[in-house]
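Examining the three-dimensional arrangement
The lines below spell out each chain.
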Amino acid sequence: MNKIFAVTALALAASITTGVQAQEFPAKDKVLTMVVPFAAGGPTDRVARDLAEAMRKPLGGISIVIDNAAGAGSTIGNAKVARANADGYTVLVTHVGMATTPVLYRKLSYNYETDFEYLGMINDVPMTLIGKPQLEAKNFAELRSWIGKNAGKVNLGNAGIGSASHLCGLLFQSELKTEMTTVPYKGTAPAIADLIGGQIDLLCDQTTNTTAQIEGKKVIPYAVTTLKRLNTPALKDLPTLDESGLKNFQVTIWHGMYAPKGTPAPVLKKLNDALKVALKDPEFIKKQEGLGAVVVTDKRVEPAEHKKFVQAEVARFGPVIKAAGVYAD
Ligand code: ASP
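What comes next is a walk through the structure. All of these numbers come straight from a predicted model, not from anything done at the bench.

As for the layout of surface pockets
Of the voids in this model, the second largest pocket is the one considered here, and its volume is about 290 Å³. Taken together, 18 residues form the lining of the second largest pocket, with Leu230, Asn231, Thr232, Gly292 and Val294 sitting closest to its centre. Of all elements in the fold, only strand 4 (116-131), helix 10 (282-290) and strand 10 (294-295) reach the threshold of two or more residues within the lining of the second largest pocket. Each residue belonging to the lining of the second largest pocket can be placed in one class, and the counts come to seven nonpolar, six polar and five charged.

Now the structure itself:
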């Protein structure tokens, strides 16, 4: 009897706590931490900072801080969120790495399907292949012949195993049937700084990071990784890799938002509602479009649909990555 009472009382207390949490969420005196698993100043960081600004108002003006838990191709930051308090005050903003790391890493300390609540997708972002300003190759045909002549000496930066730049680089090397030395960074912000300084030769990176550098003529742009040319003014004259001879070469990157497993459903609903408001914010859309990104308006912004999409991405990348034969422990 006592035991039953204790269990019932506990259940009641839990449901009251959940109810109170949801009602109060987001509390004025709390801070929402948006974990970005890559370095500050890079493309995922850019998306998260713009999104944080757009989500602040629909979340009652709450303070949102960005925590750059960078390293190991996003897996450090992902693990941090998987283990965080499931109270709605910690969320993860990451990219396609959510789907590539489960395939690339033999062991991960989290499970991408069961350790997260999916909040929704944010955007689709093309990538660009860029080179250091010192390179004599000024277009893709010249770059291809330069790579041929320098076989074994070319190096290519990336943001760690499982990152978008890693994936793009893998596909690029496999298409050219050549091997390059890859140089991993904690994100592509430090990689692009080294590219500009001439320490690395090439980088494949999201337009959300490369557009300003291309406009400022700090790097040499060779091509975009979409099948069609882009509309963005700064990028519209760039050829696609497909038209440059790498038939069907296509890599587009997406970003999404996640909370730790067990975050109460009403809190998740408030976060998802705020995300939807942000994705319709004209300022947010303008900033993203100016950087070549396309803000998501379809059903992938619904948590269940986004989860299905990520599961399909894992299935899609499995064979590509297995064929490339790269794994990390
Ligand atoms: N662009 C990076 C990548 O290659 C990630 C980042 O720094 O945001 O995945």
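Details of unusual backbone geometry
Where the residue is not glycine, phi is negative for most of them; where a peptide bond is considered, it is trans in most cases. Residues Phe25 and Pro26 are joined by a peptide bond in cis, for which omega reads -5°. Considering the arrangement of structural elements, one finds Pro26 in the loop between helix 1 (2-24) and strand 1 (31-36). A positive phi angle is found at Lys177, which is not glycine, with a value near 50°. Looking at the secondary structure, you find Lys177 in the loop between helix 6 (164-176) and strand 6 (181-184). Non-glycine residue Lys217 carries a positive phi angle of around 55°. Take Lys217: it is sitting in the loop between helix 8 (207-215) and strand 8 (220-224). Lys217 sits in the exposed class, given a relative accessible area of 70%.

Description of the site of the ligand
The environment of the ligand is made up of Phe38, Pro43, Thr44, His95, Ala159, Ser163, Ala164, Ser165, Gly187, Thr188, Asp205 and Gln206. The separation between an oxygen atom of the ligand and a polar side-chain atom of His95 is 2.6 Å. One of the side-chain N or O atoms of Thr188 is found 2.8 Å from a nitrogen atom in the ligand. Relative to its unbound accessible area of 270 Å², the ligand is 100% covered by the protein chains. Structurally, the ligand is housed in the largest cavity. Elements with a minimum of two residues in the shell around the ligand: helix 2 (43-56), helix 6 and strand 7 (202-206).

Re helix 6
Counted at 1.5 Å a residue, the expected span for helix 6 with its 13 residues is 18 Å, and the 18 Å between its end C-alpha atoms agrees. For helix 6, a buried count of 10 out of 13 residues is recorded, marking the element as mostly surrounded by other parts of the structure. Buried within helix 6 are the following residues: Ala164, Ser165, His166, Leu167, Cys168, Gly169, Leu170, Phe172, Gln173 and Leu176. The first or second residue beyond helix 6 is Lys177, which carries a positive phi of 50°.

The rules we used
Residues numbered from 1 in each chain as written. Predicted model: local features only at pLDDT ≥ 70, side-chain atom pairs only at ≥ 80, totals over all residues. Heavy atoms only, no water. 1 Å grid on protein atoms, 1.4 Å probe; cavity = no way out; pocket = protein on both sides within 12 Å on 5 of 7 lines; lining within 4 Å. Points joined across faces, edges and corners; volume = space filled by probe spheres on them. Helix = DSSP H or I, 4+ residues; strand = E, 2+ residues; numbered from the N terminus. Nonpolar A, V, L, I, M, F, W, Y, C, P; charged D, E, K, R; others polar. Buried < 20%, exposed > 50% of the residue type's maximum accessible area, 1.4 Å probe, protein only. Near = heavy atom within 4 Å. Polar contact = N/O pair within 3.5 Å; in protein donor to acceptor, adjacent residues only side chain to side chain. Areas by Shrake-Rupley, 256 points an atom, 1.4 Å probe, with all protein chains shown as cover. Sits in = over half its atoms within 2 Å of the grid points. Expected span 1.5 Å × (residues − 1).

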